[in-house]
Amino acid sequence: MIYGLTAVVDSELALRALAGFTQLLDKVLPALALVFVLIFAINLLLDPQRVRKYLGKQSGIKGWLTAIVAGILSTGPVYAWYAVLRDLRQKGMRTSLVAVLLYSRAVKLPLLPLLVHYFGLNYTLVLVLYLIGFSVISGLIMEKIEGVRAVPD
Amino acid sequence: MLLLTSLAITIFPEQISLGLFGQHDFIDVLLGASIGSVAAGHPLASYVLGGELLAGGVSLYAVTALIVSWVTVGVVQLPAEALLLGRHFAIYRNLMCFLFAIAVSFLTVYTLRLIG
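This section reports on the structure supplied with the text.

1. A closer look at the overall build of chain A
At step 1: Within chain A one finds eight helices and zero strands.
At step 2: Ordering the α and β elements of chain A from the N terminus gives α-α-α-α-α-α-α-α.
At step 3: In chain A, buried positions account for 35% of the 153 residues.
At step 4: Nonlocal contacts in chain A, meaning residues at least 24 apart in sequence, comprise 81% of its contacts between residues at least 6 apart.

Encoded structure:
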C-alpha cells in the first residue's frame, strides 16, 4: 500500500525503490535462508516452562547463564516476553535475571549470519561478546536499583 | 520488511544520511542510539539499514549504536514494559540500555582497531 501511495506521488521514486529492493534481496537472500532455518529450529527447542525451572531466586551462576542463554534463544516480540517475565517475577525470579534476559535478547542468534554478511565475522564476535557482558552488568545494576525480588507496581 | 527498508533507503538519499551523520563521533553515536531507540521494526531491518548506512559512509560507531539500541531500548514498548514489569524498572532499564548502546559502540570499534 505504501509503495502504491509512493507511486501515486512519485512513480519514478517507487520504481527506484523497487529496483533497490531486488538488489537488496539478491544480497541478503542466502543469509536470510539460514536465518529462517535457525528460527524454526529454535522455536522447536525453547518454551517458557523450561526456562522457568532454572531462573529462581537460589539459582546462582546457573541462573545467570540460563538467563543469558534464554535471552539469546528467545524469539518473538519482546512484549510477549514481558507478560512471561512478570509471571516469573511474581513466582520468585530475580530482578537481575529479568534484566539479563531482556538485554541478551539483543543477541539474535538466527540473524547472526546476516550480521556477519554486512559487518564481518570479527565485528560480529566482538559485538556479541560485549552484548553478553553488558547483559550481566545490566542485571547487576537493575538489582541494585530494584532489589533482589521487587514485585512490579 | 525488506520492501519498507529499501523504500526508506531510496527516499532518504545518501546526502541526507551523510548530512545527519558525520559531525563528530560522539554526536553520531548519540544520533544513532536515538534513532535506534525509537525504531520499532524487526531487528533484521536494523542490520540491513545499518549495512546500507555503513556502505553510504556513516561511521561504524553510529551504525553500531543504532543496531544495539534498536534491540535493547524500546521507547515504543515502554508503556507495555512499565505496565507489566513496573514503571520504575522499565524507565531505569531503558535509560541504562541507551547509555550501554553508546558504550558498546565505542568499545566495539576500539576493540576491532586493537585486534586489527
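2. Focus on the interface of chain A and chain B
When the parts of a complex come together, some accessible area is lost, and that lost area is often taken as the interface size.
At step 1: Between chain A and chain B, the residue contacts involve 43 residues of the former and 39 residues of the latter.
At step 2: Broken down by element, the residue count for the side of chain A that touches chain B peaks at twelve residues, all from helix α8 (residues 121-146) of chain A.

3. Side note on the packing of helix α7 (residues 112-119) of chain A against helix α4 (residues 43-55) of chain B
At step 1: Orientation of α7 of chain A relative to α4 of chain B, taken along the N-to-C sense of each, is 5 degrees, at an axis distance of 9 Å. When the axes of α7 of chain A and α4 of chain B are compared, the pair comes out roughly parallel. Of the residues in α4 of chain B, those touching α7 of chain A at Leu114, Leu115, Tyr118 and Phe119 of chain A are Leu44, Tyr47, Gly50 and Gly51 of chain B.
At step 2: Of the residues contributing to the contact of α7 of chain A with α4 of chain B, the split by class is six nonpolar, two polar and no charged.

4. Overview of the environment of Met93 of chain A
Residue and element names in this part refer to chain A.
At step 1: Mapping Met93 onto the fold places it in the loop between α5 (78-90) and α6 (95-104).
At step 2: What makes Met93 buried here is the crowd of 24 C-beta atoms within 10 Å.
At step 3: Residues Met93 and Gly63, spaced 30 residues apart in sequence, show a C-alpha to C-alpha distance of 9.3 Å.
At step 4: Sequence-distant contacts of Met93, that is, excluding residues within four places in its chain, are made with Leu55, Gly56, Leu88 and Val98.

Criteria and thresholds
- Residues numbered from 1 in each chain as written.
- Chains lettered and ligands numbered in written order.
- Predicted model: local features only at pLDDT ≥ 70, side-chain atom pairs only at ≥ 80, totals over all residues.
- Helix = DSSP H or I, 4+ residues; strand = E, 2+ residues; numbered from the N terminus.
- Buried ≥ 20, exposed ≤ 12 C-beta atoms within 10 Å, placed from the backbone.
- Contact = placed C-beta atoms within 7 Å.
- Axes fitted to C-alpha atoms, helices over the stretch in contact; angles between N-to-C directions.
- Parallel < 35°, antiparallel > 145°, perpendicular 65-115°, else oblique.
- Nonpolar A, V, L, I, M, F, W, Y, C, P; charged D, E, K, R; others polar.

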